[in-house]
Amino acid sequence: MSRLMLAAAAFLSAAATLPAQDRRPTPPATQPAAPTPRPVSRGDSSAVVRVLADSTLRRDGVATIKGQRVPYRVTVGTQPVWDERGAPIASVFFTYYERTDVTDRATRPLVMSFNGGPGSASVWMHVAYTGPKILRIDAEGFPVQPYGVQDNPHSILDVADIVYVDPVNTGFSRIIGDQRREQFFGVNEDIAYLARWLDAFVGRQGRWTSPKYLIGESYGTNRVSGLAQRLQGSHWMYLNGVVLVSPTPLGVERDGPVGAGLTLPYYAATAWYHKALAPDLQARDLDQLLPEVEKFTVDQLIPGLVRAGSLSEADRAALVKQYARYSGLGEDVVRQHSLAVGTSFFWKELLRSRGLTVGRLDSRYRGLDREDAGESPDFDPALTSWNHAFAPAINHYLRDQLGWKTDLQYWLFGPVNPWNRTGDQTGANLQQAMGSNPYLHVMVQSGYFDGGTPYFDAKYTMWNMDPAGRFQDRMVFKGYRSGHMMYLRQEDLATANEDIRVFIARTMPKPGQPAKR
């Protein structure tokens, strides 16, 4: 029996039991017929929602991108994850955009997009960054009502087709039946099943000859870095590029003095934004200030942290004074933390005298805690602001505009714990993929005000996943005056998408150009 026949048979008999928050009222009978699974009783008064393992819905649309008319087809649906016997064990939801006035798919790039978490759906880059629709927000990324989506004039759909993938237990993706959770939820487990899924997707869509790119954000950078090696090594699918948006450490070690020191340039950027620096530093542009702080961090601060208790009083005082000057913190605070101020404390301390905190994922955002005392903020004002804009936008777009009917809840953040973090060598995986594929290039995109994955940490990762410097000519760093999701700021939305366009154009070999060093 073929894999598709097995998938169909298993789908007809499989149902996934979902938690209470996934139970939705049955839509009225007057709604259009669609592939909608209905709740059915198990006999114990709890609901069971049948999961669609393999189903699609298509719509046509037109976008205007950079003044150009771009007709496209969007396919929303599910494709199974199969086990070794060919039976579906999970249903993975995706949204796939194809430009329809392109006839030669062999030269049309395919971008495969993932967000992070782990446990986060692909919603963030889908309806805020690269897709043809973006959520309604103001120019700096703050929510506005009424909620919804609007056209994205900066989408990369003019130059590449895009598929947004929701890993298992995110978005509308679910485990089928009583399958083992641990086969999905871990660094390497995640990479293994998604590589199989992408192999099947590319085959189904007839995209094996297309230039291929992976883009991941936050923990999604672990995902795509590992996938680059897994796809090439186990599925013989070679890539042209990997885009790392707000990357994590990727398994590259930075504990102790190095990790403690790397945050200072981010602190300086945040203090500059909130006008918390001395007047002479505040008067300088960020592009002038940050290279100076980076040099101090590498040449003086980290060596001083290594020397720790052996520092002379004079040397310690000089480092404390300069650290305080660049961070916007008081000298007493820096001295009390022995030149290693943690991020949580920084978010609480920087604007404490103003009765405010700063955001973790985007430190331009300000929060109000119950009281000014404490070692860390009560909440991240950036994340809470984003959640109440993204959830209505993605549900409205998928359900109402595209017409995908389901009783499932769309999980912005899904239940994926415990997550097996052992064996994270994703940075090394990406380096190995670059070593075996001369076509493969990497671009890093980071926001200067991101406290979750600081931009200087990203630079350190780039340098140290390639300690011999053999691949630096195929790696590029781009910084933006925003946070973790730099594309929420309108100016950076345009710039960051254009950077991807340039990256794709630069990494497309000329016809007949061989892959050799």
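Since we're looking at a predicted model, the values are computed, not measured. (Residues numbered from 1 in each chain as written. Predicted model: local features only at pLDDT ≥ 70, side-chain atom pairs only at ≥ 80, totals over all residues. Heavy atoms only, no water.)

## Here's the deal with the overall build of the protein
- Along the protein, the regular secondary structure elements total 15 helices and 16 strands.
- In terms of overall size, the protein behaves like a compact globule, its C-alpha atoms giving a radius of gyration of 24 Å where 517 residues would be expected to give roughly 24 Å.
- Dimensions of the protein, computed from C-alpha atoms along their principal axes, come out at roughly 75 × 60 × 45 Å.
- By the burial criterion, 56% of the 517 residues in the protein qualify as buried.
- Restricting the contact set of the protein to residue pairs at least 6 apart, pairs at least 24 apart contribute 71%.
- Side-chain charges in the protein split into 56 positive and 52 negative, and the spacing between the mean points of these groups amounts to 5 Å. (Helix = DSSP H or I, 4+ residues; strand = E, 2+ residues; numbered from the N terminus. Rg over C-alpha atoms; globule rule 2.2 N^0.38 Å. Buried < 20%, exposed > 50% of the residue type's maximum accessible area, 1.4 Å probe, protein only. Contact = heavy atoms within 4.5 Å. Lys, Arg positive; Asp, Glu negative; His and termini not counted. Charge placed at Lys NZ, Arg CZ, Asp CG, Glu CD.)

## What to know about the nonpolar core
- Counting residues in hydrophobic clusters, the biggest one holds 90 residues, and the most contacted among them are Phe184, Leu214, Leu227, Val242 and Leu339.
- At 9 residues, the largest contribution of residues to this core is made by helix H3 (residues 187–205).
- The contacts of Phe184, once residues within four sequence positions are left out, are Val81, Ile89, Ala90, Val168, Ile175, Glu189, Asp190, Tyr193 and Trp419.
- Ala389, Leu398, Leu402 and Trp404 belong to the second largest nonpolar core, which has 58 residues in total. (Core = buried A, V, L, I, M, F, W, Y, C linked by side-chain atoms within 4.5 Å.)

## Considerations on the pairing of strand S6 (residues 110–114)
- With 5 of 5 residues buried, S6 is to be regarded as a mostly interior element.
- The side-chain alternation of S6 yields two buried faces, one formed by Leu110, Met112 and Phe114 and the other by Val111 and Ser113.
- In the sheet, S6 pairs with strand S11 (residues 212–217) via 5 bridges, with the strands oriented parallel. Bridge pairing links Val111 to Tyr213 in S11. (Pairing = 2+ DSSP bridges.)

## Quick look at the packing of aromatic side chains
- Throughout the structure, instances matching the rule amount to 28 aromatic pairs.
- Here Phe296 and Tyr326 contribute two aromatic rings whose centre-to-centre distance is 5.5 Å and whose plane-to-plane angle is 65°, an arrangement assigned as edge-to-face. With Phe296 in helix H8 (residues 286–307) and Tyr326 in helix H9 (residues 313–327), this pair connects stretches of sequence that are 30 residues apart. The pair formed by Phe296 and Tyr326 is uniform in burial state, with each residue classed as buried.
- Grouping aromatic residues by their ring pairs yields a cluster made of Phe184, Phe185, Tyr193, Tyr219 and Trp419.
- Between Arg174 and the ring centre of Trp411, over which it is positioned, the NZ or CZ distance is 3.6 Å.
- Here the guanidinium or amino end of Lys459 rests over the ring plane of Phe477, the centre of that ring lying 5.0 Å away. (Phe/Tyr/Trp six-rings, centres within 6.5 Å; stacked < 30°, edge-to-face > 60°. Lys NZ or Arg CZ within 6 Å of the ring centre and 35° of its normal.)

## Describing unusual backbone geometry
- Cis geometry marks the peptide bond from Gln145 to Pro146, where omega comes out at 0°.
- Note that Pro146 resides in the loop between strand S7 (133–135) and strand S8 (149–151).
- Residue Pro418 is reached from Asn417 by a cis peptide bond, and omega for that bond is 0°.
- Phi is positive for Ser218, which is not a glycine, with a value near 60°.
- The phi dihedral of Leu250 is positive, around 60°, even though this residue is not glycine.
- Take Leu250: it is sitting in the loop between strand S12 (241–245) and helix H5 (257–261).

## As for the packing of helix H6 (residues 264–273) against H9
- Where H6 meets H9, the axes come as close as 7 Å, and the angle between the chain directions of the two elements is 45°. In terms of orientation, H6 lies oblique with respect to H9. Along its contact with H6, which presents Leu264, Tyr267, Ala268 and Ala271, the element H9 presents Tyr323, Tyr326 and Ser327.
- Classifying every residue of the contact of H6 with H9 gives 6 nonpolar, 1 polar and no charged. (Axes fitted to C-alpha atoms, helices over the stretch in contact; angles between N-to-C directions. Parallel < 35°, antiparallel > 145°, perpendicular 65-115°, else oblique. Nonpolar A, V, L, I, M, F, W, Y, C, P; charged D, E, K, R; others polar.)

## Points about helix H2 (residues 123–130)
- The element H2 is extensively covered by neighbouring structure, given that 8 of its 8 residues are classed as buried.
- Among all positions of H2, only Val123, Trp124, Met125, His126, Val127, Ala128, Tyr129 and Thr130 are buried.

## Here we look at the environment of Lys459
- You can see Lys459 is positioned in helix H14 (residues 455–464).
- Through-space distance from the C-alpha of Lys459 to that of Leu262 is 9.7 Å; in sequence the pair is 197 residues apart.
- Sequence-distant contacts of Lys459, defined by excluding residues within four places in its chain, comprise Glu294 and Phe477.
- Among the polar contacts listed, one links the side chain of Lys459 to the side chain of Glu294, at a separation of 3.3 Å. (Polar contact = N/O pair within 3.5 Å; in protein donor to acceptor, adjacent residues only side chain to side chain.)

## Some thoughts on the confidence of the model for the protein
- Looking at the protein as a whole, its pLDDT mean stands at 90, while 91% of the residues score no less than 70.
- In the predicted structure, residues 1–47 sits below a pLDDT of 50 and forms 89 contacts with residues beyond four places in sequence or in another chain. (pLDDT = per-residue confidence, 0-100.)

## Observations regarding the packing of H6 against H8
- Interhelical geometry of H6 versus H8 gives an angle of 150° and a closest axis separation of 9 Å. The angle between H6 and H8 falls in the class roughly antiparallel. Classified by chirality, the crossing of H8 by H6 is right-handed. Between H6 and H8, the contacting residues are Leu264, Pro265, Ala268, Ala269 and Trp272 on the first element and Leu286, Leu289, Leu290, Val293, Glu294, Phe296, Thr297 and Leu301 on the second. (Left-handed = near helix turned anticlockwise from the far one by under 90°.)

## A closer look at the environment of Gln322
- For Gln322, the location among the structural elements is in helix H9.
- A relative accessible area of 23% places Gln322 in the partly exposed class.
- Taking the C-alpha atoms as reference points, Gln322 and Arg230, 92 residues apart in sequence, are found 45 Å from one another.

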